[in-house]
Amino acid sequence: MKDTHLAERVDTMTQLKISARHVNVHYGETHAVKDVSVDIDANSVTAFIGPSGCGKSTFLRCLNRMNDTIDTCRVSGGIRIDDEDIHDRKVDPVQLRAKVGMVFQKPNPFPKSIHDNVAYGPKIHGLARTRAETSGIVEDALRKAALWDEVKDRLDAPGTGLSGGQQQRLCIARAIATAPDVLLMDEPCSALDPVATAQIEELIDDLRQSYCVVIVTHSMQQAARISRKTAFFHLGSLVEFGETDRIFTSPEDPRTENYITGRIG
Amino acid sequence: MWILDAIFSLPVLVVGLAILGYVAATARAHATAGSNFGTLAAQPRAHGTNAFFSVLIPAVGSFAALSLVRSIGLRQGVETLSVRSIFWLVLSVAAIGCIDAILRSSAGFRARVASEAWIKSLLIAASAIAILTTIGILWSMLFEATQFFRQYDWRDFLFSTDWAPNFRGNSALGILPLLWGTLYVSFIALAFAVPVGLFAAIYLSEYAGQRMRSVAKPMIEILAGIPTIVYGLFALITVGPLLRDHFAQPLGLGDSASSVMTAGLVMGIMLIPFVSSLSDDIINSVPQAMRDGSLALGATRSETIRNVVIPAALPGIVGAILLAAGRAIGETMIVVLGAGAAARLSLNPFEAMTTITVKIVSQLTGDTEFASPETLVAFALGLTLFVLTLGLNVLALVIVRKYREHYE
Ligand SMILES: Nc1ncnc2c1ncn2[C@@H]1O[C@H](COP(=O)(O)OP(=O)(O)OP(=O)(O)O)[C@@H](O)[C@H]1O
Ligand SMILES: [Mg+2]
């Protein structure tokens, strides 16, 4: 089972972006991610699905080394992005995170204005030299995140004063304003209404042209709609990984089948 | 004098009645409910609580009111109420409350709602005490200060740069040198304590490991427990001579061991835990998700602290700093021992100066009558101090509110 994904990689047109080998994550005594190996393509959308608590978020956080910030968390195994080991001593996690952006499961806007929330990344990385350039980036990011029309008249209002779904789109705008290569999205649509969800899915579809997008989702329909490949996690292990169409039509593992037909999770 | 004993036994009697009321009302509620609790509008316990408060609160209230009536009467030279009648009146109020509550505690009585009302009145009374005390202090201060300003021109007090009290009369009582000393010492203290305390807090909450934290935090907090007189001694014996020998004399800035610098630095040490401990708690209460958000955008740790954590914690940090400023302005012991008691207007931080609080103490010690401008000036000084700290608090409120409006 472990090597299914190798067999799947028939399509040599796509370029390999992220490759994880035998990744294990422990939180103290808890073994949260168990020997996960997976290859993620550039310019495509990859979905992680699985029941709650199965380690999707934890594995996602390995990819930009956010788990470094948790004292009790230990990560082992090899993760390469653009064929570079991200745990190499030469790699600066700060630089890595500028390249691998992340949208969190819970919206976490800064207690700053809407404008400053989005301008945060560009400012730190010196992406804009003038005020006008900054507002250009901000507007562009907000438009892509389908939030511009709702906030264009109150960019100075606090980001924390937005509704939950608006906050989540603000966080998405914030992440893409930094112009990352890879975008990790942890259930970005869980707080959104169907219209905003459709807009975000459209955004993800656009992003696919130039980015590598990894999305965690609890919605099978969403995974089926937007992703090329899907990984099914269960109790910390990667059970099955392959073309989304195949996973949803003819899953190989009974656990996958049970999950997508709604019998577990 | 049985009445003296009686007055002292009054609290015991009232509390006894309250407990009796609790037990009796609970029992009665139980009895009326029988085996079927569902018929009761409230738990038996709630009936008991209501009875307890019905005895206690009216008794305490009536005691306070009756004593007030008596004391006002005595001022006018009439005994409106004897101590004996106060005793019996309070006791009957308690007894009536007790009997009434017991009689009421039957099935239909909504005792939970009733005791809710008692609790509310208790809370209102507590806040009234706090507010009335403030007003009382301000009033007495104002009263004595007006006495002073009748005898001494307020313009001379506020704008004269001369402080030379003379108990034989004809004193110069200008506040400026004292105000200057107060502000100068406080400024040095804060200039030292705020950066040190804040950086220590940032280190402890953002960088230090669990073990370091558990050792360092209590160590810093020990500083807050040292009596100020001990700090004063430290200033007098160690810091003062040290500064004189290594800075003041070599730099040709004077040869006094008592100096604004000495008092300011030692006071700064005293204030470190105020700033660091509060700031540390506040920084810790900034949600981790906020830091994660910043780190995930490729910000470094210190960028995250500067751009996200500190702004989010700012209202609390401002509060901590102003608390420290209030302490600095009101501090007396360290100033007496560290900066001396000579009123002086000077920019040189190595010269001895003194503060408002020190002069309040020195004007009131000594045996002059309480009517000369030399003693009454203490109240004018106190009033100034009050206004100063009040202004500081208002400033804090304004800063915090402005910030809140902007961000929350
Ligand atoms: N910071 C942490 N400290 C300790 N244990 C953690 C921590 N974060 C996650 N875990 C544990 O790791 C396991 C996997 O958690 P994770 O958040 O990755 O699940 P998930 O698949 O994202 O679930 P969900 O769909 O509910 O978001 C869980 O058992 C969880 O209790
Ligand atoms: Mg999750």
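Residues numbered from 1 in each chain as written. Chains lettered and ligands numbered in written order. Predicted model: local features only at pLDDT ≥ 70, side-chain atom pairs only at ≥ 80, totals over all residues. Heavy atoms only, no water.

Notes on the environment of B:Ala201
All names here are of chain B.
Here is step 1 of the chain: Locating Ala201 in the fold gives a position in helix α6 (residues 176-207).
Here is step 2 of the chain: According to the relative accessible area criterion, Ala201 is buried, its value standing at 0%.
Here is step 3 of the chain: On a C-alpha basis, the gap between Ala201 and Ile188 in space is 20 Å, while along the polypeptide they are 13 residues apart.
Here is step 4 of the chain: Residue contacts for Ala201: discarding those within four places in its chain leaves Ser276, Ser279, Asp280 and Ile283. (Helix = DSSP H or I, 4+ residues; strand = E, 2+ residues; numbered from the N terminus. Buried < 20%, exposed > 50% of the residue type's maximum accessible area, 1.4 Å probe, protein only. Contact = heavy atoms within 4.5 Å.)

What about helix α13 (residues 356-364) of chain B?
Here is step 1 of the chain: Taken as a whole, α13(B) has its buried residues at B:Ile356, B:Thr357, B:Val358, B:Lys359, B:Ile360 and B:Gln363.
Here is step 2 of the chain: Phi turns positive one or two residues past the end of α13(B), at B:Gly366, with a value near 120°.

Some details on the coordination of the magnesium ion (ligand 2)
Under ideal tetrahedral coordination, the four donors around a metal are separated by 109.5 degrees; under ideal octahedral coordination, the six donors are separated by 90 or 180 degrees.
Here is step 1 of the chain: Ligation of the magnesium ion (ligand 2) by protein atoms is provided by A:Ser57 (OG) and A:Gln105 (OE1), these donors lying 1.9 to 2.3 Å from the ion. With A:Ser57 in helix α2 (residues 56-63) and A:Gln105 in the loop between β6 (100-103) and α4 (114-124), the pair connects residues that are 48 residues apart, well separated along the chain. (Donors = N, O, S within 2.8 Å, 3.2 Å for Na, K, Ca; no water.)

A look at the layout of surface pockets
Here is step 1 of the chain: Empty space within the largest pocket amounts to approximately 690 Å³.
Here is step 2 of the chain: What lines the largest pocket is a set of 25 residues, among which A:Thr69, A:Asp71, B:Glu206, B:Gln288 and B:Arg301 lie closest to the centre.
Here is step 3 of the chain: For the lining of the largest pocket, the secondary structure elements donating two or more residues are α3 (93-99) of chain A together with α6, α7 (210-225), α10 (288-296) and α11 (301-330) of chain B.
Here is step 4 of the chain: Looking at the lining of the largest pocket, its residues break down into nine nonpolar, seven polar and nine charged.
Here is step 5 of the chain: Lining the second largest pocket, in full, are A:Ser57, A:Arg61, A:Met102, A:Phe104, A:Gln105, A:Lys106, A:Asn108, A:Asp186, B:Ala289 and B:Asp292.
Here is step 6 of the chain: Elements with a minimum of two residues in the lining of the second largest pocket: α2 of chain A together with α10 of chain B. (1 Å grid on protein atoms, 1.4 Å probe; cavity = no way out; pocket = protein on both sides within 12 Å on 5 of 7 lines; lining within 4 Å. Points joined across faces, edges and corners; volume = space filled by probe spheres on them. Nonpolar A, V, L, I, M, F, W, Y, C, P; charged D, E, K, R; others polar.)

Points about the packing of aromatic side chains
Here a ring pair, both rings aromatic, is described through the centre-centre distance and the interplanar angle of the planes.
Here is step 1 of the chain: One pass over the structure, following the stated rule, counts 14 aromatic pairs over all chains.
Here is step 2 of the chain: Relative to B:Tyr152, the ring of B:Phe148 has its centre 5.4 Å away and its plane inclined at 15°; by these criteria the two rings are stacked.
Here is step 3 of the chain: In this structure an aromatic cluster arises from ring pairing among B:Phe148, B:Phe149, B:Tyr152 and B:Phe157.
Here is step 4 of the chain: Looking at A:Arg174, its charged tip hangs above the ring of A:Phe110, at a distance of 4.2 Å from the centre. (Phe/Tyr/Trp six-rings, centres within 6.5 Å; stacked < 30°, edge-to-face > 60°. Lys NZ or Arg CZ within 6 Å of the ring centre and 35° of its normal.)

Remarks on the UniProt feature "domain: ABC transporter" (unreviewed entry) in chain A
Here is step 1 of the chain: Mapped onto the present numbering, the UniProt feature "domain: ABC transporter" (unreviewed entry) falls on residues 18-260 of chain A.
Here is step 2 of the chain: Between the end C-alpha atoms of residues 18-260 of chain A there is a gap of 26 Å, over a span that is 38% helix and 27% strand. (UniProt positions renumbered as here; feature names shortened; annotations may be inferred.)

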